[in-house]
Amino acid sequence: MMRDLLLLMILAATFWCNDAAPHRAIKTPSFIASLDKASQRAKRESPIMPVIVDPWKVFFTTTTSTKTTQTTVNPDVIVPDPDPKPLKIRGLRVLSLVTARFTKTVVESFVVNPAEMSQEINFYMELPKEAFISGFLIETDGVVYNSRVDEKEAAQQAYDQAKSQGQTTGQVKQTSEEKNDFTISINVEAGSELRFNLTYEELLKRKDGFFENVISITPGQTVDHLIVDVHITEPQGIKEESVDFFVKKRLTDGSTEVQRPEWARLKGQHSDRVSVQFHPTPEEQEALSTNGNFGKFVVRYDVVHGQNAGNIEIVNGYFVHHFSPEGGFLPIQKSVVFVLDTSGSMSGTKIRQTKEAMDTILSDLREKDEFGIITFSSSTRAWRSRMVPANKANIESAKDEIQGLQARGGTNLHGGIVDAIEMLEDAQNNDLSTVGKFYLIIVLTDGMPTAGELTRPDEIKRDIRRRLDGRFSLFCLGFGDNLDYTFLEQLSLQNKGLARKIYEDSDAGLQLVGFFDEVATPLLVNIRMKYDENMVISNSVSDTVFPTYFEGTELVVAGQLAANYSLPERVICTVLVESGGIEIELELEANVQEESVLSPHTVDDFAQRLWAFLTIKELLQKRIAEERDSEKAELTQRALELSLKYHFVTPLTSLVVVKPDEDDALIGEPQPRMEDDAFEDMMMHKPVSRKQRPPSQPNRQRSGSVGPIGPIGPIAPQGSSILASPMHPPPSGPAPTSLHKAPTKAPTTTTTVATTTLATTAPTPTTPMGPPRKYRATFVMPMEGNGALCFNLRARHGQLYKLIDDQVAGLTVSGRMASAYLTNHLPNGNETLPLVLDRVTFQDGSLEVSPDGISIGPTVTLPWTGGWTVTVQGLKVSVRAGQQLTVRVGSDITLVIQKRVGNSLEHKRDFLGFEIKNGQGLSDQVDGIIGQFERREIRLDADSVSGEGDRRRGSLTVAGQRLDVRISERMDLREDRARECWWHAESNNILENPLRHYRT
């Protein structure tokens, strides 16, 4: 059957034409010519039949051996038979594997032509905007036409050569990068069967706190067997409650409808794995859509995030670092200037939608934010001369101003941006501190600059870049089609921002609000990631500097480890960030040697392919922003080399389909087809009805259990991998291969020095039903030699006391005493309650420590876990070994606070231990319950000791005062164990002043 087959494949883009009507999809026609049998046989002798695939615009040429013609043929008249049997897509199978956000999706279609004449089938496929095609193959009669990726000029030469030799050939040329839509057009010989397989890859981006794997299913007809399998593996862990799956359809009025049909099922869920299947019968497809455009099948989820430096995965010498802290960072103050185009071209729907969107955007500003508004047409105008707080009165006044805007005049874009820069400069100069604040300009325009001092795009870009000088972020929104989007994109990328196209449609206002929502909640600014230079190949690491981290997003860095087997076992990463005027240093360690476990449902060698994907994306973005020819050429060459090596179709490359016997034309490895015996069997039988199906699995399963993948579960390519995690163990069963896995453990620091400590006694445990037992807060003070003095305070619940008060050294530390029992379990009729320390406050509240977390200033709360360092008001605060916090003041004062967990069976609260590790920097005037003992001598009179064992008694001298003491066993929090100390029951005899002296 191969002899009689004429096969033409075109991947054509459906794109948004800048000169076309608003939001109108322009479908580029395919050019198909029917050839007689003799012509087909002649062409089969030709050495190559390339179809060059490159996103976006199609230009197809058919030729004879002596004459070249360009022919446009309407698909409706390709086959002269007035009533042919239509082409049928018997099976459509999509397998999408997600590993640590990196996705590989394979779309496989099985087409049958039952007619007596050849027919064309058009299969529409909308790829995610950020995806790269990485493979394509066509199979018929057991013969596979594979693909290669080639540089554009080389592909053009192959096309020209084939054309000159009279061969059937095709080429696709890129004209836009705004959408990623394709139409696969294939002419299928009479009575033949054909299978084609398209592969694309992408890195899922986190938005609004979720990742979404979106698969567009639009075959244009009902399919006998339609199956979409999605397998997600996340070593970081998956939030069980975040998993959702649905079908999203765009209605004729522009709105979006979400459906959750019964045939969309959760096949299995574990702490780090999820499998979802969409499997509608033909009847269910008809209910969804009568024209075969079923919409987008979406699987949404989120991973487990920590309030730390993120998570690192290491596989085969490459690492991927995901950074998405949450839970302890409050939104920081932002200063935003809105620069709005009110030129004549904005009249009508555009200005109305802008007003509606700005009404919502202004309402979403936080009170601590400040804002300004600049409008521009032929000239510029400021609503207020300076930035104003986002209080209720200013918001309402600004809304009134926006509603009164009228569209007229020219477009002085340059003047509007310059006024915004000057307004932000004035605000910055008046701020007491600019650390941790976010300054941004948001520009909305619909046309080219026509008025003002500068109107040429090159001059505007150069001047704005000079004025901003990296201080503020510039975001440009291009409204509609009549503008130079490339100019706006360059302007944004050159100035720490990004551009977004706003399509003229019924939901344009929602698009504007949606963009603002993405940048409305900055949590961190000036993020810098640093890796051990001896552990990584420096020029292999992707971008490590980010201007802003927004709530609900994620930052990703990837790179290659140095090939040096003498390196340490752990790679160290430091993340420097700013939030709310505070500079924070987060630390992360990854074990290079720790093993990982394989699984059949993961992307093979995902870390390396993710690194290549991310690096190419960044190089292409820098290429857009770069204006110097030499640097642009270097960026282009690097992106091209990686595109060819990893078989990615990018703006620099094309996909070429060749005959299978032309081995010398193949580049890269052939793309495998999906092997699934069950799916193959279904192609030979009638479609399965809902009644014939086996009972479906429950819609959701509890975390920790894995449901069956089902009879049509995919068999993934060999070599796929899954990473194990200490928190999320790998699946059971043998592992055929091992890869490297990176945990996120912090280093352990231990120090043994004589210290001053606040400790607590350890009560004898009671049964859960027994009465709660009292214990007393105990201070442990080191003495000369190896002994210690311990005593009790008769403090009051909830009272603050000065632990350290040194006006000379500039250090004040207060502690709050609380009942050891939780409030609803206090003993009755007992005024003298056992007390513990449950809060420690430094200075004027700039640092506050409790068992729940460490609060630094008004916007940051950090956890007891992980590794991090913060410097605030002269205090260097760090957490290293789990639940131990260290505070350093200069080089000669070190304080340690430890979190202790109360006995839940006795209904006791968590509490804190406090000690002075190094007090050399404290002055001779230091005061406080603990601080005073840094200058007061405690000495045991050895001659006074009498008795043996736990009956020993003796005398201590504290600053010249003699105290009777006895040996006792108390809890020393420095070692978290009971230890012997010399006990004195009355604190008034020990402290320099009465207890009330230390109250705050």
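Small disclaimer: the values here were computed from a predicted structure and weren't measured. Numbers given to residues run from 1 along each chain, matching the order in which its sequence is written. Per-residue local features of the predicted model are confined to residues with pLDDT of at least 70, and side-chain atom pairs are confined, for both listing and counting, to 80 or more; whole-chain, interface and lining totals are unaffected and use all residues. Only hydrogens and water are set aside when side-chain values are computed; all heavy atoms of the structure are taken into account.

J.: Residue-level account of the sheet that holds strand β10 (residues 132-140), with values.
T.: Strand order across the open sheet formed by 8 strands is β11-β10-β15-β8-β7-β17-β21-β20, with mixed pairing between neighbours. The open sheet has two free edges, formed respectively by β11 (143-145) and β20 (264-269), since each of these has just one partner strand. Within this sheet the neighbouring strands show an average axis-to-axis angle of 15°, counted without direction. Two strands pair when backbone bridges link them, and strand β8 (residues 102-112) and strand β15 (residues 193-203) are joined in this way by 11 bridges, in the antiparallel orientation. Counted as the bridge partner of V112 is E193 from β15. Lying over the sheet, helix α10 (residues 606-625) contacts β7 (88-99), β8, β10 and β15, oriented at roughly 75° with respect to β15. Note: two strands are recorded as paired if DSSP finds a minimum of 2 bridges between them. A run of H or I in DSSP becomes a helix once it reaches four residues, and a run of E becomes a strand once it reaches two; helices and strands are each numbered from the N terminus. Axis definition: a line fitted to C-alpha atoms, limited for helices to the stretch in contact. Angles are taken between N-to-C directions and run from 0 to 180 degrees. Two residues qualify as a contact provided that any one of their heavy atoms is within 4.5 Å of a heavy atom in the partner residue.

J.: Hey, could you go over the nonpolar core for me, with residue numbers and the actual values?
T.: Note on terminology: a nonpolar core comprises buried Ala, Val, Leu, Ile, Met, Phe, Trp, Tyr and Cys residues joined through side-chain atoms within 4.5 Å. To sort residues, take the accessible area from a 1.4 Å probe on protein chains only and compare it with the maximum for the residue type: under 20% means buried, over 50% means exposed, and anything in between is partly exposed. F842 and F914 are the most contacted members of the largest nonpolar core, which has 84 residues in total. Residues I89, L198, Y200 and A264 belong to the second largest nonpolar core, which totals 47 residues.

J.: Lay out the state of the cysteines in plain terms, naming residues and giving numbers.
T.: Disulfides are defined as cysteine sulfur pairs within 2.5 Å. Enumeration according to the criterion identifies 1 disulfide in this entry. Paired by a disulfide, C790 and C981 hold their sulfur atoms 2.0 Å apart. As the torsion about the S-S bond is roughly 75°, the C790-C981 disulfide counts as right-handed. Of the two residues, C790 is situated in strand β42 (residues 788-792) and C981 in strand β57 (residues 977-984); the sequence distance between them amounts to 191 residues. In terms of burial, C790 and C981 fall into one category: buried.

J.: Before we move on, could you go through the environment of S878 and cite the residues and values that matter?
T.: With respect to the helices, strands and loops of the structure, S878 is situated in strand β50 (residues 875-879). The exposure class of S878 is buried, given its relative accessible area of 7%. Taking the C-alpha atoms as reference, S878 lies 8.7 Å from R888; in sequence the two are 10 residues apart. Excluding residues within four positions of it along the chain, S878 makes contact with W868, T869, Q884, L885, T886 and R888.

J.: Mind laying out the environment of T455, listing which residues take part and the relevant values?
T.: Relative to the helices and strands, T455 resides in the loop between β29 (438-445) and α7 (457-468). Look at T455 and you get partly exposed, because its relative accessible area is 32%. The spacing of T455 and H414 is 41 residues in sequence and 7.2 Å in space, taken between C-alpha atoms.

J.: Please give an account of empty space enclosed by the protein that cites residues and values.
T.: Any empty space left between the atoms is revealed when a probe the size of a water molecule rolls over them. Here a cavity denotes grid points, spaced 1 Å and computed from the protein atoms alone, that fit a 1.4 Å probe unable to get out, and a pocket denotes an open set having protein on both sides within 12 Å along at least 5 of 7 lines; residues with an atom within 4 Å of a point are the lining. Grid points are joined across faces, edges and corners, and a volume is the space filled by probe spheres set on the points. The final tally for this structure, using the stated rule, is 3 cavities of 30 Å³ or more. Approximately 100 Å³ is the volume attributed to the largest cavity. In terms of lining residues, the largest cavity is bounded by F338, L340, T354, A357, M358, I361, I442, L444, L477, L512, F515 and F516. Among the secondary structure elements, those contributing two or more residues to the lining of the largest cavity are β25 (334-341), α4 (349-363), β29 and α9 (508-519). The leading source of residues in the lining of the largest cavity is α4, at 4 residues. Grouping the constituent residues of the lining of the largest cavity by class yields 11 nonpolar, 1 polar and no charged. Three categories are distinguished: nonpolar for Ala, Val, Leu, Ile, Met, Phe, Trp, Tyr, Cys and Pro, charged for Asp, Glu, Lys and Arg, and polar for the others, with Gly belonging to the last.

J.: I'd love a proper account of the pattern of salt bridges, names of residues and values included.
T.: We define a salt bridge as a contact between a side-chain nitrogen of Lys or Arg and a carboxyl oxygen of Asp or Glu at a distance within 4 Å. In total, this model carries 39 salt bridges according to the counting rule given. Here K88 ties to D224 by a salt bridge, and the two come within 3.7 Å at their closest N and O atoms. Placement of the pair is K88 in strand β7 and D224 in the loop between β16 (211-217) and β17 (225-233), with a sequence separation of 136 residues. By relative accessible area, which is 25% here, K88 ends up partly exposed. A relative accessible area of 15% means that D224 is categorised as buried.

J.: Explain the packing of α7 against helix α8 (residues 485-493) to me, using residue names and the numbers behind them.
T.: It is the contact of α7 with α8, at a shortest axis distance of 10 Å, that shows an interaxial angle of 15°. Between α7 and α8, the crossing angle belongs to the class labelled roughly parallel. In this structure, α7 crosses over α8, and the sense of that crossing is right-handed. Of the residues in α8, those in contact with P457, I460, K461 and I464 of α7 are F487, Q490 and L491. When the residues that make up the contact of α7 with α8 are grouped by side-chain class, the tally is 5 nonpolar, 1 polar and 1 charged. Angular relationships are summarised with four words: roughly parallel below 35 degrees, roughly antiparallel beyond 145, roughly perpendicular across 65 to 115, and oblique for the angles in between. The handedness criterion is simple: a crossing whose near helix is rotated anticlockwise from the far helix by less than a right angle is left-handed, and one whose near helix is rotated clockwise is right-handed.

J.: So what's going on with helix α5 (residues 392-403)? Which residues, and what values?
T.: Working rule for helices: expected span equals 1.5 Å times residues minus one. End to end, α5 covers 17 Å across 12 residues, agreeing with the expected 16 Å (1.5 Å per residue, within 8%). Here α5 has its buried residues at N394, I395, A398, K399, E401 and I402. All buried residues of α5 fall inside an arc of 160° around its axis, so they share one side. Summarising the geometry of α5, the exposed residues directed more than 90 degrees from the buried face are K392, A393 and D400. Elements that come into contact with the buried residues of α5 comprise β25, α4, β26 (370-376), β27 (380-382) and β28 (388-389). Arc, as used here, means the arc of the directions from the helix axis to the C-beta atoms.

J.: An account of the sheet that holds strand β22 (residues 295-301) is requested, with residue identities and associated values reported.
T.: The strand order across the open sheet built from 4 strands is β16-β22-β18-β19, with neighbouring strands paired in antiparallel fashion. Two strands bound the open sheet, and with one partner strand each, they are β16 and β19 (256-259). Averaged over all pairs of adjacent strands, the angle between their axes in this sheet comes to 25°, without regard to strand direction. Bridge analysis of strand β18 (residues 244-250) against β22 gives 5 bridges, and the strand direction is antiparallel. Paired with K248 across the strands is K296, a residue of β22.

J.: Quick one: what's the story with the packing of aromatic side chains, residue by residue and with numbers?
T.: Any two of the Phe, Tyr and Trp rings considered here, Trp counted by its six-membered ring, make a pair once their centres fall within 6.5 Å; the pair's planes then place it as stacked at under 30 degrees, edge-to-face at over 60, or tilted in between. Evaluation of the coordinates by the stated rule reveals 18 aromatic pairs. Between the aromatic rings of F102 and F613, the centroid separation amounts to 5.9 Å while the plane-to-plane angle is 70°, which identifies the pairing as edge-to-face. Here F102 is found in strand β8, whereas its partner F613 is found in helix α10, with 511 residues between them in sequence. By relative accessible area, which is 0% here, F102 ends up buried. What links up through ring pairs into an aromatic cluster is the set F102, F132, F613 and F648. Only lysine NZ and arginine CZ atoms are considered, and such an atom sits over a ring when it is within 6 Å of the ring centre and within 35 degrees of the ring normal. Across from the ring centre of F210, 5.4 Å away, lies the NZ or CZ of R300, which sits over that ring.

J.: So what's going on with the environment of I893? Residues and values would help.
T.: Within the secondary structure layout, I893 lies in strand β52 (residues 893-900). Given the relative accessible area of 2%, I893 is considered buried. Residues I893 and G921, spaced 28 residues apart in sequence, show a C-alpha to C-alpha distance of 5.2 Å. Setting aside its immediate chain neighbours within four residues, I893 contacts A809, L811, V887, R888, N918, G921 and L922.

J.: Describe the pairing of strand β34 (residues 555-560), with residues and values.
T.: With 5 of 6 residues buried, β34 is to be regarded as a mostly interior element. Taken together, the 6 bridges between strand β24 (residues 318-323) and β34 define a ladder with antiparallel strand orientation. Among the inter-strand pairings, F323 is bridged to a residue of β34, identified as L555.

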